[in-house]
Amino acid sequence: MLNRLFAWRHRFTLNHASSGFVAWLFGVSGPLLIVLNAAAQGDLPESIVTSWVFAIYVTGGVFTMILSQYYRKPIAFAHSIPGAVLVGTTLANHSIETVVGAYIVTALLIFLVGITGAADRVMKLIPLPIMMGMVSGVLLPFGLGIVTSVKADPVLNGLPLIAFLALAAFGAVAKRVPPIVAAIAVSAIVMYFMDIGPTRAVSLEIAVPVWISPEFDLGVIGELVIPLAITVIGIQNAQGIGVLRNTGYVPPVKAMTIWSGIGSLVNGVMGGHSACIAGPMTAIIADKENGKLEYRYYGAMVMGILWIIFGVFAPTMVQLAGAIPASLIQLLGGLAMIGVLMQSMQTSFSSTHKMGALFAFLITLSNISIFQIGAPFWGLVGGMLVSWVLDQADWRKKPT
């Protein structure tokens, strides 16, 4: 019994630790700044901002660990990044109480879609190349970020990149020590010598979540609910589902949707916006460089633990995360997703539905927004429509 309980110690590798850390770092940097900006638009008091951050990261961490452990799949649970942008716009003109009311309605809608199995049925209708065309469009900017980050700061970001490439060139060594670990280590050394990073004056503070009583305003509900629900189901979760499918997993779509609804409800009463599956973070921990399929979820467990810690110590962690240069986060995130980007591009354009996949890729990459709904959703819609017209022969083939 004990041997089985502690068997993970013999399967846990540096790849799992590094992928979990980079996924965590990615999720607490840029996305956090978007949340803080949204809170600033609503001129929210510090207590509610802290509660918001506590909710989205503790809930994300707990749900990541539950789903990943139960399904033995690397499922990164997080919060909707485009959803935070939508919420910021609404907060500029409405109270947090009415926004929380919209959160609750959104959570119930997502839960209903999940429990009926509607999301599962829709996702099965989308050919994998079209879905991966959308995912490729989402991930490509992160790959481009490797180049732009080095341009922004050749020393800070160039040296970690050189370390990554140098270690990757030695295949035998890279199997034991992931190149991203070398990049992280060199980043820490460079930051130290350049005197960049957290100040020593940061104090340790524990977050205190607050309960926010909802107010149900039809205007705010009409403005937020449908865009938020589509953002969660059709954009964020769709990315995670596509990544998992492309890396060899059968994603539990129904459960992922149901838990997104539950997580959104838990977040909402503490001031946090909608919960969802995080595509980029799932891509980092599901990468084939992280070992066998059945053990890659260990990286998700690492990320989940770190996110819980981040949420519990939100006041302190916000200061620490904010001290790491954005361009360095961009570099590390891009390096961590290189393998997934290569694989998603290959899946998009190497088999069937090529025209649909191409348009899904281009529309997503365009970053357009229609009816306050982001480009990845329209990439899927456009890719499907184009494929129906131009890939007719592929639709007649029996799915493999």
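From a predicted model like this one, the values you see are computed outputs, not experimental measurements. (Residues numbered from 1 in each chain as written. Predicted model: local features only at pLDDT ≥ 70, side-chain atom pairs only at ≥ 80, totals over all residues. Heavy atoms only, no water.)

## So, the overall build of the protein
Inference 1: A tally of helices and strands in the protein yields 21 helices and two strands.
Inference 2: In terms of overall dimensions, the protein is globule-like: its C-alpha atoms have a radius of gyration of 21 Å, near the 21 Å expected for 400 residues.
Inference 3: Taken over 400 residues, the protein has a buried fraction of 54%.
Inference 4: At a minimum sequence separation of 6, the contacts of the protein that also span at least 24 residues come to 84%.
Inference 5: Summed over its atoms, the accessible surface of the protein is roughly 17600 Å², and 69% of this surface lies on carbon and sulfur atoms.
Inference 6: The distance from the centre of the 20 positive side-chain charges to the centre of the 15 negative ones in the protein is 22 Å. (Helix = DSSP H or I, 4+ residues; strand = E, 2+ residues; numbered from the N terminus. Rg over C-alpha atoms; globule rule 2.2 N^0.38 Å. Buried < 20%, exposed > 50% of the residue type's maximum accessible area, 1.4 Å probe, protein only. Contact = heavy atoms within 4.5 Å. Areas by Shrake-Rupley, 256 points an atom, 1.4 Å probe, with all protein chains shown as cover. Lys, Arg positive; Asp, Glu negative; His and termini not counted. Charge placed at Lys NZ, Arg CZ, Asp CG, Glu CD.)

## Some thoughts on the packing of aromatic side chains
Inference 1: Under the counting rule described, the total for this entry stands at 13 aromatic pairs.
Inference 2: Centroid distance tryptophan 24 to phenylalanine 310: 6.3 Å. Interplanar angle 75 degrees. Geometry classified as edge-to-face. Of this pair, tryptophan 24 sits in helix α2 (residues 14–27) while phenylalanine 310 sits in helix α15 (residues 297–312); the two residues are 286 residues apart in sequence, bridging distant segments of the chain. Assigned by exposure class, tryptophan 24 and phenylalanine 310 land together as buried.
Inference 3: Judged by centre distance (5.0 Å) and plane angle (85 degrees), the ring pair of phenylalanine 63 and tryptophan 259 falls under edge-to-face. Of this pair, phenylalanine 63 sits in helix α4 (residues 46–71) while tryptophan 259 sits in helix α13 (residues 253–269); the two residues are 196 residues apart in sequence, bridging distant segments of the chain. (Phe/Tyr/Trp six-rings, centres within 6.5 Å; stacked < 30°, edge-to-face > 60°.)

## A few points about helix α14 (residues 279–286)
Inference 1: A large share of α14 lies buried, amounting to eight of its eight residues.
Inference 2: Of all the positions in α14, only Gly279, Pro280, Met281, Thr282, Ala283, Ile284, Ile285 and Ala286 are classed as buried.

## Description of the side chain of serine 187
Inference 1: Positionally, serine 187 belongs in helix α11 (residues 179–193).
Inference 2: The exposure class of serine 187 is buried, given its relative accessible area of 3%.
Inference 3: Polar side-chain contacts of serine 187 include one of 2.6 Å to the backbone oxygen of alanine 183.
Inference 4: Discounting chain neighbours no more than four positions away, the residues touching serine 187 are Pro160, Leu328 and Leu332. (Polar contact = N/O pair within 3.5 Å; in protein donor to acceptor, adjacent residues only side chain to side chain.)

## Thoughts on unusual backbone geometry
Most peptide bonds take the trans configuration, and most residues that are not glycine carry a negative phi.
Inference 1: Positive phi, normally seen in glycine, also occurs at aspartate 195, with a value near 55 degrees.
Inference 2: Tracing the backbone through its elements, the reader meets aspartate 195 in the loop between α11 and α12 (218–246).
Inference 3: The phi angle at asparagine 367 is positive, at roughly 65 degrees, despite the residue not being glycine.
Inference 4: Of note, asparagine 367 is situated in the loop between α19 (354–366) and α20 (375–390).

## Things to note about a nonpolar patch on the surface
Inference 1: There is a patch of nonpolar side chains on the surface, built from Met355, Leu358, Phe359, Leu362, Trp388, Val389 and Leu390 and spanning about 630 Å² of accessible area.
Inference 2: Taken together, the elements giving at least two residues each to the nonpolar patch come down to α19 and α20.
Inference 3: Looking at the nonpolar patch, the element that brings in the most residues is α19, giving four residues.
Inference 4: Structurally, the position occupied by methionine 355 is in helix α19.
Inference 5: Among the residues examined, methionine 355 registers a relative accessible area of 32% and is labelled partly exposed. (Patch = residues over 30% accessible without salt bridge, like charges linked within 9 Å, V, L, I, M, F, W, Y side chains within 5 Å. Salt bridge = Lys/Arg side-chain N within 4 Å of Asp/Glu carboxyl O.)

## Some remarks on the nonpolar core
Inference 1: Counting 103 residues, the largest nonpolar core has Trp52 and Met281 as its most contacted members.
Inference 2: The element that contributes the greatest number of residues to this core is α12, accounting for 12 residues. (Core = buried A, V, L, I, M, F, W, Y, C linked by side-chain atoms within 4.5 Å.)

## Some thoughts on the side chain of serine 19
Inference 1: When you line up the elements, serine 19 lands in helix α2.
Inference 2: If we ignore the near neighbours within four places in the chain, the residues touching serine 19 are Ile284, Ile285, Asn290 and Gly299.

## A word on the environment of threonine 316
Inference 1: Locating threonine 316 in the fold gives a position in helix α16 (residues 314–322).
Inference 2: Threonine 316 gets classed as buried once you look at its relative accessible area, which sits at 4%.
Inference 3: The spacing of threonine 316 and glycine 83 is 233 residues in sequence and 24 Å in space, taken between C-alpha atoms.

## Thoughts on the packing of helix α5 (residues 81–91) against α12
How two helices pack is summed up by the angle between their axes together with the distance between the axes.
Inference 1: Between α5 and α12, the least distance of the axes is 9 Å, while the angle of their chain directions is 170 degrees. What the angle tells us is that α5 and α12 run roughly antiparallel. Note on element contacts: α12 touches α5 through Val220, Glu223, Leu224, Pro227, Leu228, Thr231 and Gln236, opposite Ile81, Pro82, Gly83, Leu86, Val87 and Thr90.
Inference 2: Its residues assigned to classes, the contact of α5 with α12 comprises eight nonpolar, four polar and one charged. (Axes fitted to C-alpha atoms, helices over the stretch in contact; angles between N-to-C directions. Parallel < 35°, antiparallel > 145°, perpendicular 65-115°, else oblique. Nonpolar A, V, L, I, M, F, W, Y, C, P; charged D, E, K, R; others polar.)

## Digging into the environment of proline 141
Inference 1: Looking at where proline 141 falls in the secondary structure, it is placed in helix α8 (residues 128–152).
Inference 2: Given the relative accessible area of 40%, proline 141 is considered partly exposed.

## Topic: the confidence of the model for the protein
Inference 1: With 93% of its residues at a pLDDT of 70 or more, the protein has an overall mean of 84.
Inference 2: Segment residues 1–6 is flagged for pLDDT under 50; beyond a separation of four residues in sequence, or across chains, it makes zero contacts in the model. (pLDDT = per-residue confidence, 0-100.)

## A short note on the environment of methionine 194
Inference 1: Within the element layout of this structure, methionine 194 appears in the loop between α11 and α12.
Inference 2: Not counting the four nearest positions on each side in its chain, methionine 194 is found in contact with Asp153, Val155 and Leu156.

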